[in-house]
Amino acid sequence: MLADIIFSLVIGGTVGIVGHVRKHGKMIMPRRTKKFIYLGFLEEMLLGAIAALLIVFYTAPNSYVENIIFSLIAGIAGDAALSSYKLIKQNNAEKSKSKS
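Residues numbered from 1 in each chain as written. Predicted model: local features only at pLDDT ≥ 70, side-chain atom pairs only at ≥ 80, totals over all residues. Heavy atoms only, no water.

Asker: Outline the pattern of salt bridges, supporting the account with residue identities and numerical values.
Answerer: This structure, assessed with the given rule, holds two salt bridges. Residues lysine 23 and glutamate 44 are paired through a salt bridge, measuring 3.1 Å at the closest nitrogen-oxygen approach. On the criterion of sequence distance, the pair formed by lysine 23 in helix H1 (residues 2-24) and glutamate 44 in helix H2 (residues 41-59) is long-range, its members being 21 residues apart. Two residues, glutamate 43 and lysine 86, come together in a salt bridge whose shortest N-O distance is 3.7 Å. Of this pair, glutamate 43 sits in helix H2 while lysine 86 sits in helix H3 (residues 64-99), and the two are 43 residues apart along the sequence. (Salt bridge = Lys/Arg side-chain N within 4 Å of Asp/Glu carboxyl O. Helix = DSSP H or I, 4+ residues; strand = E, 2+ residues; numbered from the N terminus.)

As structure tokens, this is what we get:
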């Protein structure tokens, strides 16, 4: 079971990094600004890894092939969830500006 957990974290994190590079065209390193800390590629890597870990805990795959498939799907779903959250946040900000 420990091997499945580590394997899913690695696969999910890798999918998160690939999604980050696909979106931005490069790896954006973490940095600290005056208002907050921007995690860069770590944000999407952690989200993909956690999503893969949760899906592996929930489904308990029987083989490494199932583990790979579930981890890939979870990493992609985590990337999609993060993208939709940012899109909704951006749309709400635009609506509040147009009302002012």
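Once the structure has been displayed, the description carries forward.
Asker: Tell me about the packing of aromatic side chains, and name the residues and values.
Answerer: Enumeration according to the criterion identifies one aromatic pair in this entry. Note on phenylalanine 7 and tyrosine 64: the rings are 5.5 Å apart at their centroids and 75° apart in plane angle, and the pair reads as edge-to-face. Within this pair, whereas phenylalanine 7 is found in helix H1, its partner tyrosine 64 is found in helix H3, the two being separated by 57 residues in sequence. According to the relative accessible area criterion, phenylalanine 7 is partly exposed, its value standing at 27%. (Phe/Tyr/Trp six-rings, centres within 6.5 Å; stacked < 30°, edge-to-face > 60°. Buried < 20%, exposed > 50% of the residue type's maximum accessible area, 1.4 Å probe, protein only.)

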